Amino acid sequence: MNSRRQFLKISSLSAAGLIFGGGLLDAFAENLVKKNPSHFKGPFDFVRTPTYCEVCFWKCAGWVYKDENGRIKKIIGNNDDPNCNGRFCPRGTGGVGMYNDEDRLKTPLIRTEERGEQTFREASWDEAFDYIAAKLQKVKKEHGPESLALFSHGSGGKYFGKVLKGLGSNNIAAPSYAQCRGPREVAFLATYGQGINSPENTDIRDTKCLVLIGSHLGENMHNGQVQEMSDAIDKGATIITVDPRFSTVASKSKFWLPIKPSTDMALLLTWMNVIINEELYDKKYVEKYCYGFDQLKEHVQQYTPEWAYGVTTLKPQQIRETARAMADAAPAVIVHPGRHVTWYGDDTQRLRAVAILNALLGSWGRRGGFYNPEKASVPHYKIPKFPKPNKSWREALGGKYNLADLALASGLCDASMPTPDLGHQIKAWIVNGTNLINTLPNQANTLKAIQELDLIAVVDTMPMEITGYADVVLPECTYLERYDSLRVSQGREPSIALRMPAVDPKYNTKPAYWMAREIAKRLDLLDYFPFENLEDEIDWELQQVGTSLEEMQRIGVKRIKREYDDLYFEKNEDIEFDTNTGKIELYSTALAEEGFEPIPVFVQHPEPQEGFYRLIYGRAPMHTFSRTANNPNLTDLMDENTLWVNPKVAKEWDLKNDQYVYLENQDGIISDFSIKVRVTERIRFDSVYMVHGFGHADKRMKRCFGKGISDTQLISNVMIDPIMGGTGMRGNFVTFRFDNKKEA
Amino acid sequence: MRYAMAIDTKKCVGCSDCVVACQTENDVPIGYCRDWVVEVMDGTYPQLEMEIRSERCNHCENSPCVRCCPTGASHYGEGGIVLVTENKCIGCSACITSCPYDARFVHPKGYVDKCTFCLHRVKKGLQPACVAVCPTKCMYFGDLDDPRSEVSMVLKKRKWKTLIPEAGTKPHLYFLI
Ligand code: SF4
Ligand code: SF4
Ligand code: SF4
């Protein structure tokens, strides 16, 4: 393979570090308070400015406090914010580390060749934009606008999206869909005609029974949900946790079902069997709202608790008991749909089973189940219509995955490789705030695609691995140094929140809005960016909803009254669901039309061969994916992941606590780095577990380089969901190695 | 007035938010902490139990650290809060050795540092930073002498324990179990 886009390491970047020494910075910080007129005094003699957190997708609104010297001191939740109720999670509290991180990208970089060696050179913003604009135009001219793609996570995506759409492409994808929550959305759309979205419409606060399947609330700090789970514990709710690992929440559960991995579908179908055969389901609800009950009843007869015992290793009595506990609490029960659900490739079907189970219990639309969220409607300033793309992202999928409702990041990546059967080939990527090397499974595939590109421009705050493959790197300032579009959240009560800069951008970094507009300027697309400054657009929008930038700078969050009083279904209310039949579809007509099973079936998944263990990964409360891995405040809490190994397995392999091992997967891929062993009873003997987001290979991130293992590196077997193209990642098996030498 | 804190082990998820919030509130340098999280696991798969605790100085009523301090830097402050006067502390570490809870450390600036129950906030009527930030709202703070304070009420309602009671230090940190 040609190594045109060699991975670039630190040596070429040393100059940037020298330019921005500490002394300079101090002088810089001094005048901040005076310079920004919109700051005002907060209660503790500190200056405070509103923001909403960017460390994860929950987008909690809060205040940034500064000390007398104008330095950011702390970030605290906004009491009026329904997403966080004045309490940030550890990552948000430690968000200031993103700003202080001395390994940040500091200035634009362009890839060049010097004496036969590839290197990055520092560039001016103008040079960087000229380069990108010229390449985009060239690619568009030679291959059509459909050869341009945007991968994005986070606020800046909107602005680059406008550039892309203005050029005539709608290849805009976020890995949070096909690599994360996509199957859940498709499954709930198929069942209820409505997705789950974010923040989830789970009424945990008032639930009497919370069922978590592989979802580890408390380790994943989805703030509002963790807070409400704690409220529910206070009120004595029953928690049922299904997990091969004794997770934190398992330790808080009345029932922990230590299921054999990959058999969740069997349990879900068996629960349905018990609930239907013991007549525990909500008969009125099912009769009034649901379609296909008789087919479902007949279908689940085969899935008895005794059958499930052999498959899941869960005792029939446990399965019956937990089914009854759910029915006892119904309709105030939540079989939680989870969030990262791309596991085994039949994920849409598994989430369909979750949706159906909730329908049998009558929890959708009920207090303590799922409420009907509302989102504030904030008008947008009118801009010209975008040209209609000649070819849409769907065509890049070659006629597959018709039920996907959003573009697939993995699909666009595949379409970047020359294959005869795909509609068009993608030639240029803009990557905003997502480290595709660690977010897309099958790294070899991603790297291959990258080699085929004419342009890859990466926007990030940190020198993530993906920046090492870029032609141009645009250093973004952190969320603490910029305005971004309003946060318009769904919830029980709609709300809007403002993010404004607490301090000026450090180093030579800039906000994404400004970058996108500068690129647009060079492509004659300024009509799509009518406001020179984002804050003017924000102010315009705020005026439309009866507030202003000035007011929002003072209050940060505004709750908006619901337009409709329909948080829950009324008793006997007639409801038309947005499905083909207008009913909650236990039997999915949409799936049947596309040739898929209309009712979920159990499929046996492959199991680890002798000496191998299933690789399970998860989250830690102090980190968000790989994004926080170098944050000084958060690495202080956790600076490497560990490998959880059951004592029986440890004995067999003679593994000791704190010993470092390498892992090799079923395809012979050996981890770059080693990982510390944690021998613990908390994990099943057929699996090992690690937290995702470690094992960084980019030396420019000094705190996290080589710390722990990247699970993504070992995920080479990807099981694609035939329904919506999700990438199932839990079918990888690893074994222990004591060196990482590749066999000759 | 006797300040105390109760921590609900049934709700704490061990997220360490209390640790970060304390660090930023009290300028605790990275690499040090005034509060920390302990997980205690018991049993064999799948019969397991786990307790999670956010720990800090117990603000002992009978505190060995105050007793052994040669300079009087370690002392009882308002509401029985155990404090260290920075400029009186000579960094001899006698208190660190005497504390059964390992609650103290030598600050890089040379004096001994530890949890203050965020007295500077409490004086303003605010909660300690850790209590205010905790996403699970599992911590309760207040005056034991006031029967209507949150901490008194929750201690009346719930079962609780203290750590190493046999040391006779009379801790003011209670763990709800
Ligand atoms: S949950 Fe935590 S990281 Fe996510 S937005 Fe809220 S405070 Fe930030
Ligand atoms: S912030 Fe609260 S939940 Fe998190 S570790 Fe501290 S006490 Fe426990
Ligand atoms: S916990 Fe340790 S430092 Fe705190 S008062 Fe007791 S003995 Fe002193």
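Residues numbered from 1 in each chain as written. Chains lettered and ligands numbered in written order. Predicted model: local features only at pLDDT ≥ 70, side-chain atom pairs only at ≥ 80, totals over all residues. Heavy atoms only, no water.

**Student:** Explain helix α13 (residues 305–312) of chain A here, please?
**Tutor:** Residues three or four positions apart in an α-helix share a direction because the helix packs 3.6 residues into each turn. Residue and element names in this part refer to chain A. Those residues of α13 that fall on the buried side of the exposure criterion are Pro 305, Ala 308, Val 311 and Thr 312. Buried residues along α13 cover an arc of 110 degrees about the axis, so they all sit on one side. Those residues of α13 hidden inside the fold are in contact with α10 (264–277) and α14 (316–329). At the exit of α13 stands Thr 313, carrying a positive phi of roughly 70 degrees. (Buried < 20%, exposed > 50% of the residue type's maximum accessible area, 1.4 Å probe, protein only. Helix = DSSP H or I, 4+ residues; strand = E, 2+ residues; numbered from the N terminus. Arc of directions from axis to C-beta. Contact = heavy atoms within 4.5 Å.)

**Student:** Teacher, can you tell me more about the interface of chain B and chain A here?
**Tutor:** One frequently used descriptor of interface size is the decrease in accessible area upon assembly of the parts. Contacts between the two partners involve 42 residues from chain B and, on the opposite side, 42 residues from chain A. Summed over both partners, the interface of chain B with chain A comes to about 3200 Å²; 57% of that surface belongs to carbon and sulfur atoms. Applying the counting rule to chain B against chain A returns 6 salt bridges. Between Lys137(B) and Asp231(A) there is a salt bridge; the shortest N-O distance is 3.0 Å. The tally of links from chain B across to chain A stands at 18 residue pairs in polar contact (both at pLDDT 80 or more). Looking at the side of chain B that touches chain A, the elements with two or more residues in it are α1 (17–25), β2 (36–44), β3 (47–55) and α5 (129–133) of chain B. A per-element tally of the side of chain B that touches chain A places α1(B) first, with 7 residues. Residue classes in the side of chain B that touches chain A are distributed as 21 nonpolar, 10 polar and 11 charged. (Buried area = accessible area lost by both parts, 1.4 Å probe. Salt bridge = Lys/Arg side-chain N within 4 Å of Asp/Glu carboxyl O. Polar contact = N/O pair within 3.5 Å; in protein donor to acceptor, adjacent residues only side chain to side chain. Nonpolar A, V, L, I, M, F, W, Y, C, P; charged D, E, K, R; others polar.)

**Student:** Got a minute to help me understand the sheet that holds strand β5 (residues 109–114) of chain A in this structure?
**Tutor:** By way of backbone hydrogen bonds, the strands of a sheet pair with one another, either parallel or antiparallel. Residues and elements named next belong to chain A. Pairing is mixed in the open sheet, where 7 strands are placed in the order β6-β5-β17-β16-β15-β7-β8. Both outer strands of the open sheet, β6 (117–122) and β8 (172–173), are each paired with one neighbouring strand and no more. Relative to strand β17 (residues 472–475), β5 runs antiparallel, the two being bridged by 2 bridges. Counted as the bridge partner of Leu 109 is Val 473 from β17. (Pairing = 2+ DSSP bridges.)

**Student:** Even after reading the chapter, I still don't get the site of ligand 2, so can you show me in this structure?
**Tutor:** Lining the immediate surroundings of ligand 2 are 14 residues, of which Cys12(B), Cys15(B), Ser16(B), Cys18(B) and Cys134(B) lie closest. Of the residues in the shell around ligand 2, the class split is 9 nonpolar, 4 polar and 1 charged. (Near = heavy atom within 4 Å.)

**Student:** Could you clarify how one ought to interpret the site of ligand 1 in this entry?
**Tutor:** In the vicinity of ligand 1, the residues found are Cys53(A), Val55(A), Cys56(A), Trp58(A), Lys59(A), Cys60(A), Phe88(A), Cys89(A), Arg91(A), Gly92(A), Met221(A) and Asn223(A). Taken together, the residues of the shell around ligand 1 sort by class into 8 nonpolar, 2 polar and 2 charged.

**Student:** Sorry if this is basic, but what is going on with the confidence of the model for chain B here?
**Tutor:** Of all residues in chain B, 100% have pLDDT values of 70 or greater, and the mean over the chain is 95. The ipTM value of the predicted complex is 0.93, and its pTM value is 0.90. (pLDDT = per-residue confidence, 0-100.)

**Student:** Would you explain the packing of α10(A) against α14(A) in this entry?
**Tutor:** Packed helices, taken two at a time, are described by their axes: the angle between them and the distance between them. Residues and elements named next belong to chain A. Where α10 contacts α14, the axes come no closer than 9 Å and their chain directions differ by 65 degrees. Here α14 runs roughly perpendicular to α10, going by the angle between their axes. Seen along the crossing, α10 lies across α14 with a hand that is right-handed. In contact with Leu 267, Thr 270, Trp 271, Val 274 and Ile 275 of α10, α14 contributes Ile 319, Arg 320, Thr 322, Ala 323 and Met 326. Counted by class, the contact of α10 with α14 contains 7 nonpolar, 2 polar and 1 charged residues. (Axes fitted to C-alpha atoms, helices over the stretch in contact; angles between N-to-C directions. Parallel < 35°, antiparallel > 145°, perpendicular 65-115°, else oblique. Left-handed = near helix turned anticlockwise from the far one by under 90°.)

**Student:** For this particular structure, what's the right way to read the packing of α10(A) against α13(A)?
**Tutor:** All names here are of chain A. Where α10 meets α13, the closest approach of the two axes is 10 Å, and the angle between their N-to-C directions is 165 degrees. One finds that α10 runs roughly antiparallel with respect to α13. Here α10 and α13 pass one another in a crossing that is left-handed. Across the interface between the two elements, Ala 266, Leu 267, Thr 270, Asn 273 and Val 274 of α10 pack against Pro 305, Trp 307, Ala 308, Val 311 and Thr 312 of α13. Broken down by class, the residue content of the contact of α10 with α13 amounts to 7 nonpolar, 3 polar and no charged.

**Student:** Any chance you could explain the domain arrangement of chain A here in plain terms?
**Tutor:** All names here are of chain A. What the domain assignment lists for chain A is domain 1 (200–372 + 575–592) and domain 2 (613–737). Distance between the C-alpha centres of domain 1 and domain 2: 28 Å. The interface is formed by 26 residues belonging to domain 1 together with 26 residues belonging to domain 2. Taking both sides of the interface into account, the surface hidden between domain 1 and domain 2 amounts to around 2000 Å²; carbon and sulfur atoms contribute 56%. If you look at where domain 1 meets domain 2, you find 0 salt bridges. Here domain 1 and domain 2 share 10 residue pairs in polar contact (both at pLDDT 80 or more) between them. A per-class count over the side of domain 1 that touches domain 2 returns 9 nonpolar, 12 polar and 5 charged. (Domains from an automatic or database assignment.)

**Student:** Where do I start with the pattern of salt bridges in this structure?
**Tutor:** Oppositely charged side chains can form a pair if their charged atoms are brought close together. Residues and elements named next belong to chain A. By the definition in use, this model includes 62 salt bridges over all chains. Across the salt bridge formed by Asp 101 and Arg 703, the nearest N and O atoms sit 2.9 Å from each other. Within this pair, whereas Asp 101 is found in the loop between α5 (96–100) and β5, its partner Arg 703 is found in the loop between β26 (687–691) and β27 (719–720), the two being separated by 602 residues in sequence. For Asp 101, a relative accessible area of 2% translates into the label buried. Overall, Arg 703 belongs to the partly exposed group, its relative accessible area being 22%. For Glu 664, the salt bridge identified is with Arg 737, shortest N-O distance 2.8 Å. With Glu 664 in strand β24 (residues 660–665) and Arg 737 in strand β29 (residues 733–737), this pair connects stretches of sequence that are 73 residues apart. By the burial criterion, Glu 664 is buried, and Arg 737 matches it. Each of the salt bridges in this network shares a partner with another, and the network as a whole consists of Glu 54, Glu 476, Arg 482, Asp 484 and Arg 499.

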